[in-house]
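Notes for the structure review
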2 protein chains.
Amino acid sequence: MPENARMAARTKTPAAPAGSSADPADHQPPEGFLAEFLGAQNAQLGLRERKKQATRNAIRKATYALIEEQGYEATTIEQIARDADVSPSTVFRYFATKEDIVLTDEYDPIMLEVLRERPAGEPPLSSLRFLLTEAVKAVAAHEPEELKQRSRLIVEVPAVRARMTETMAQTSQALSVVLAERTGREPDDLDVRMFTAAVLGALREAMIYWGEHEFEEDLLTVVLRTFDLFERGLTL
Amino acid sequence: MPENARMAARTKTPAAPAGSSADPADHQPPEGFLAEFLGAQNAQLGLRERKKQATRNAIRKATYALIEEQGYEATTIEQIARDADVSPSTVFRYFATKEDIVLTDEYDPIMLEVLRERPAGEPPLSSLRFLLTEAVKAVAAHEPEELKQRSRLIVEVPAVRARMTETMAQTSQALSVVLAERTGREPDDLDVRMFTAAVLGALREAMIYWGEHEFEEDLLTVVLRTFDLFERGLTL
DNA sequence: GAAAAACTTGACAGTCACTCTCACTTGAGA
DNA sequence: TCTCAAGTGAGAGTGACTGTCAAGTTTTTC
């Protein structure tokens, strides 16, 4: 069920055959290298860990289905638990809040890793541009439907939006630490923190805009516009 | 985390008469013109309205006192209601969420008014700089203790921080509309929205930084640093 | 391969923010 | 003074979330 999506991501790259890599991976990795990290993980994991993954996915899948059918507010944890064949306690063991069931993704640690490996002199803004456009590409390719449903919820349900903002703020913090390191500053340098917060704040807005406008444009396009604006020094 | 899908329900805020600044009740010190608006309001209001103000203040006061003494989480609505001499129902009539009791301020409509009256050609960034530094000055002068306690809560209590972020996002939206108007764009122009979101995102970070560092610097100083960063084109 | 250790789960009871309804009171205006 | 709208308290929910404990299940150890 949920595994197929995961497996598909692992073996995918439908455009370019996996075995014979036509491109010698210069600095522009093939479509969504981020996604590969994900699949690579549950290769040879213990039974316990695999079961956990399955439960997690079952909960998320049940949640998305229920919300699709009856809306966010009307969907209770009890219903989710029933449909996912677990107890309500278990749902809360996997997700701290109801919003998290919808929002949680696990790209963060990967992004940090990738950020650390960017060329030494690269300007922070360029690093972020690379990171975030790649992330968007990966998500858009990996789970396009979830992405839209999630955006819809972010626009419509204040609690979900608030929770997303909070997780973005956490991401911002983590990115700041690495950026500070890369530019030789204290880990909690105010300028770096404000810079990162500004970028992520603008991206949040871009994402909401995208959802409000019924996904007319590509999300990637909107994100690129964000970075263009920053590259112009944020002059209006 | 509780669901706060309501909000917006409250906020009546009288429509700030633009020219009628002839206030007979002038018991408020003239620091920061923003503060004046506030005092001017409950001058000659009906008994009903004055009672409402009193109730509102009683609730806030009780809340701050209880939190001071036993912490945010440990403070329940029931306790607040008891101390403020009202029923729990009434507390919720005045504040949509528990967080709002701590956060609510009514500067927003004033800021919009002031923004509209800024000189025509002024660059958006300068307008925002003026607005927000004035707002900070006003709050710092008007209720310095609340400001600190609030900042402490914002740093320590995720729910409060999330709620503040959400209200800042609303402010951002409102400011964007006016800024768009002033620069001759569509009301929901993406660039303007991203710009405003970036500025407010950075300010949020600055405020948290200020709280995390035990208020070593002036809040105003930190805010000015934010605008300086933007004026330098956000180059790190 | 069995027993111990470590982890995961469901059941259950409880707390608390928040909603809704309804009868009652109080201030405003005629 | 009378009338009506607005504000209030009481009370009965709902549902997210927490904590605890006994009963499984997987992993580790000998």
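A brief structural summary.

**Let's talk about empty space enclosed by the protein**
Counted by the stated rule, this structure contains five cavities of 30 Å³ or more. By volume, the largest cavity is sized at about 270 Å³. Looking at the largest cavity, it is lined by 18 residues, and the ones nearest its centre are Thr 165 and Gly 201 of chain A together with Thr 165, Gly 201 and Arg 204 of chain B. Listing elements by their share of the lining of the largest cavity, those giving two or more residues are helix H10 (158-182) and helix H11 (190-212) of chain A together with helix H9 (158-182) and helix H10 (190-212) of chain B. Across the lining of the largest cavity, the residue classes tally to eight nonpolar, six polar and four charged.

**Quick look at the relation of the copies chain A and chain B**
When chain A is fitted to chain B, the residual RMSD is 0.1 Å, and the transformation amounts to a turn of 180° plus an axial shift of 0.0 Å. Here the copies are linked by what is in effect a two-fold axis. A share of 84% of interface residues in chain A that are also interface residues in chain B marks the association as one of identical surfaces.

**Considerations on the interface of chain A and chain B**
The interface is formed by 43 residues belonging to chain A together with 41 residues belonging to chain B. Of the roughly 3800 Å² buried between chain A and chain B, counting both surfaces, carbon and sulfur atoms make up 61%. Among the residues of chain A in contact with chain B, Leu 190, Met 194 and Leu 236 of chain A are the three that bury the most area, contributing 19% of the side total. Linking chain A with chain B are 10 salt bridges. Linking Asp 191 of chain B and Arg 225 of chain A is a salt bridge whose minimum nitrogen-to-oxygen distance equals 3.6 Å. Inspection of the region where chain A meets chain B yields eight residue pairs in polar contact (both at pLDDT 80 or more). In terms of residues, the side of chain A that touches chain B owes the most to one element, H11 of chain A, which gives 16 residues.

**Examining the nonpolar core**
By size, the foremost hydrophobic cluster in this structure holds 105 residues, and its most contacted members are Leu 128 and Phe 230 of chain A together with Leu 128 and Phe 230 of chain B. If we skip the residues at most four places from it in the chain, Leu 128 of chain A touches Leu 175, Leu 179, Phe 195, Val 199 and Phe 227 of chain A.

**As for the packing of aromatic side chains**
All names here are of chain A. Taken as a whole and judged by the stated rule, the model has two aromatic pairs over all chains. Here Trp 210 and Phe 215 contribute two aromatic rings whose centre-to-centre distance is 4.6 Å and whose plane-to-plane angle is 65°, an arrangement assigned as edge-to-face. The pair formed by Trp 210 and Phe 215 is uniform in burial state, with each residue classed as buried. Seen from the ring of Phe 130, Arg 118 lies directly overhead, with NZ or CZ sitting 3.6 Å from the centre.

**Notes on the packing of helix H6 (residues 108-116) of chain B against helix H7 (residues 124-142) of chain B**
When two helices pack together, you describe them by how their axes are tilted relative to each other and by the distance separating the axes. Residues and elements named next belong to chain B. Where H6 meets H7, the axes come as close as 10 Å, and the angle between the chain directions of the two elements is 140°. Crossing angle aside, the handedness with which H6 passes H7 is right-handed. Across the interface between the two elements, Met 111, Val 114 and Leu 115 from H6 touch Ser 127, Phe 130, Leu 131, Leu 132 and Ala 135 from H7.

Procedures and definitions
- Residues numbered from 1 in each chain as written.
- Chains lettered and ligands numbered in written order.
- Predicted model: local features only at pLDDT ≥ 70, side-chain atom pairs only at ≥ 80, totals over all residues.
- Heavy atoms only, no water.
- 1 Å grid on protein atoms, 1.4 Å probe; cavity = no way out; pocket = protein on both sides within 12 Å on 5 of 7 lines; lining within 4 Å.
- Points joined across faces, edges and corners; volume = space filled by probe spheres on them.
- Helix = DSSP H or I, 4+ residues; strand = E, 2+ residues; numbered from the N terminus.
- Nonpolar A, V, L, I, M, F, W, Y, C, P; charged D, E, K, R; others polar.
- Least-squares fit on C-alpha atoms with pLDDT ≥ 70 in both.
- Contact = heavy atoms within 4.5 Å.
- Buried area = accessible area lost by both parts, 1.4 Å probe.
- Salt bridge = Lys/Arg side-chain N within 4 Å of Asp/Glu carboxyl O.
- Polar contact = N/O pair within 3.5 Å; in protein donor to acceptor, adjacent residues only side chain to side chain.
- Core = buried A, V, L, I, M, F, W, Y, C linked by side-chain atoms within 4.5 Å.
- Buried < 20%, exposed > 50% of the residue type's maximum accessible area, 1.4 Å probe, protein only.
- Phe/Tyr/Trp six-rings, centres within 6.5 Å; stacked < 30°, edge-to-face > 60°.
- Lys NZ or Arg CZ within 6 Å of the ring centre and 35° of its normal.
- Axes fitted to C-alpha atoms, helices over the stretch in contact; angles between N-to-C directions.
- Left-handed = near helix turned anticlockwise from the far one by under 90°.

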